[in-house]
Amino acid sequence: MIDIQCLGSSSAGNAYRVTDGQTSLLLEAGFPFKSLQQALNFRMSDISGCLISHEHGDHSKAAKDVMKAGIPIYTSQGTADALGLSGHRLKPIKAHRQFEIGTWIIKPFEIEHDAAEPLGFVLANRSGDKLVFLTDTYYCRYRFAGLTHIMVECNYSIDIVNRRVTAGELLPGQKKRLLRSHFGLEHVKGFLRANDISKVQEIWLLHLSDGNSDADRFKREIMETTGKVVRVADR
């Protein structure tokens, strides 16, 4: 059984605790370390490792402090170089090279984002749980079988973006970057239709934009599309 705790999910910072009851992991570290400590009730020693998808501050802010606290960081060499990370607690990983942390078997994969070497992650355990973590990308070239949990970015809806551009609230250049760096509502629907979600127990929508999203609508539409339990990560 996978338990997912959202510590924060927005452009202000992203971090999630995921556990199978035996091994607890931190996915992203996009807040000051003290904030992470507080969110985890100061039980940092329970965390066996931290996965970081890419170097942008809202995903990696506390990386160095997490390592100082004795928690290994698992990230690509490109991300590590961009963040200036080094030392024995840095564990460089590569797309499609499987590794283990405690009871988790983890397989990274490439994603599409304006970052050095961004990654998504599939986390599986021997109990048959299988989670995909996909954020800060505008495309996913892979399909996944046997998923039980999905954590996927749902940053914006194109109709909201277009309305804000027309109203002068969003610059055309900002729209262009958004479309080339983030997963929107229609992407999520397409991703869910393309994958085997027959075993999925819950879907988490991550990293909703402050101005370009509608949490209630996104939750409703993904529930209608999938018939699954849908949770919106707290901002």
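For the structure itself, look to the data block above.
Please read all numbers here as calculations on a predicted model, not as lab measurements.

Draft legend 1. Spotlight on the nonpolar core. Among the nonpolar cores identified, the biggest contains 24 residues, and Ile-150, Phe-191, Ile-203 and Leu-205 are the most heavily contacted of them. When contributions to this core are tallied by element, the ones reaching two or more residues are β10 (130-134), β11 (149-153), α7 (185-194), β12 (202-206) and α8 (215-226). Considering every element that reaches this core, the biggest residue donor is α7, with four residues. Look past the residues within four positions of Ile-203 in its chain and what remains in contact with it is Ile-150, Val-152, Leu-192, Ile-222, Thr-226, Lys-228, Val-229, Val-230 and Arg-231. One finds Ile-4, Tyr-16, Leu-25 and Leu-119 within the second-largest nonpolar core, a separate group that totals 23 residues.

Draft legend 2. Quick look at the pattern of salt bridges. Throughout the structure, instances matching the rule amount to eleven salt bridges. The residue Arg-126 makes a salt bridge to Glu-100 at a minimum N-O spacing of 3.4 Å. On the criterion of sequence distance, the pair formed by Arg-126 in the loop between β9 (119-125) and β10 and Glu-100 in strand β7 (residues 99-101) is long-range, its members being 26 residues apart. Given a relative accessible area of 48%, Glu-100 falls into the partly exposed group. Put simply, Glu-186 and Lys-189 hold a salt bridge, and the shortest N to O gap is 3.7 Å. You can see Glu-186 and its partner Lys-189 sitting in helix α7, three residues apart, about one turn around the helix.

Draft legend 3. Representation of the environment of Gly-13. Mapping Gly-13 onto the fold places it in strand β2 (residues 13-19). What makes Gly-13 buried here is its relative accessible area of 0%. Spatially, the C-alpha atoms of Gly-13 and Gly-57 are 7.6 Å apart, while their sequence positions differ by 44 residues. Sequence-distant contacts of Gly-13, that is, excluding residues within four places in its chain, are made with Gly-8, Gly-30, Phe-31 and Asp-58.

Draft legend 4. View of the sheet that holds β9. Pairing within the open sheet is mixed, and its seven strands lie in the order β7-β8-β9-β10-β11-β12-β13. Strands with a single pairing partner mark the edges of an open sheet, and in this sheet they are β7 and β13 (229-232). Neighbour-to-neighbour, the strand axes of the sheet open up by a mean angle of 20 degrees, direction not taken into account. On the sheet, α7 packs against β10, β11 and β12 and is oriented at approximately 150 degrees with respect to β11. Strands β12 and β13 of the sheet are contacted by α8, whose axis makes an angle of about 160 degrees with β13.

Draft legend 5. Layout of the state of the cysteines. Applying the stated criterion to the full structure yields zero disulfides. Not part of a disulfide, Cys-140 finds its nearest cysteine sulfur in Cys-154, a span of 15 Å. Cys-140 sits in the buried class, given a relative accessible area of 7%. A relative accessible area of 0% means that Cys-154 is categorised as buried.

What counts as what
- Every chain begins its residue count from 1, and numbering advances along the sequence as written.
- Reporting in this predicted model follows two pLDDT cut-offs: at least 70 for local features of residues, and 80 or more for side-chain atom pairs to be given and counted; totals over whole chains, interfaces and linings ignore these cut-offs and use all residues.
- Neither water nor hydrogens contribute to the side-chain values; these are computed over all heavy atoms in the structure.
- Here, nonpolar core means buried Ala, Val, Leu, Ile, Met, Phe, Trp, Tyr and Cys residues that are tied together by side-chain atoms lying within 4.5 Å of each other.
- For every residue, the accessible area obtained with a 1.4 Å probe (protein chains only) is divided by the maximum for its type, and the residue is called buried under 20%, exposed over 50%, and partly exposed between those limits.
- Strands here are runs of E lasting at least two residues and helices are runs of H or I lasting at least four, both read from the DSSP assignment and numbered beginning at the N terminus.
- In what follows, residue pairs with any heavy atoms lying within 4.5 Å of each other are defined as contacts.
- Whenever Lys or Arg places a side-chain nitrogen within 4 Å of a carboxyl oxygen from Asp or Glu, that contact is recorded as a salt bridge.
- A strand pair is defined by DSSP finding two or more bridges across the two strands.
- Note on geometry: axes are C-alpha line fits, over the in-contact stretch for helices, and angles between N-to-C directions span 0 to 180 degrees.
- Sulfur atoms of two cysteines make up a disulfide when they are within 2.5 Å.

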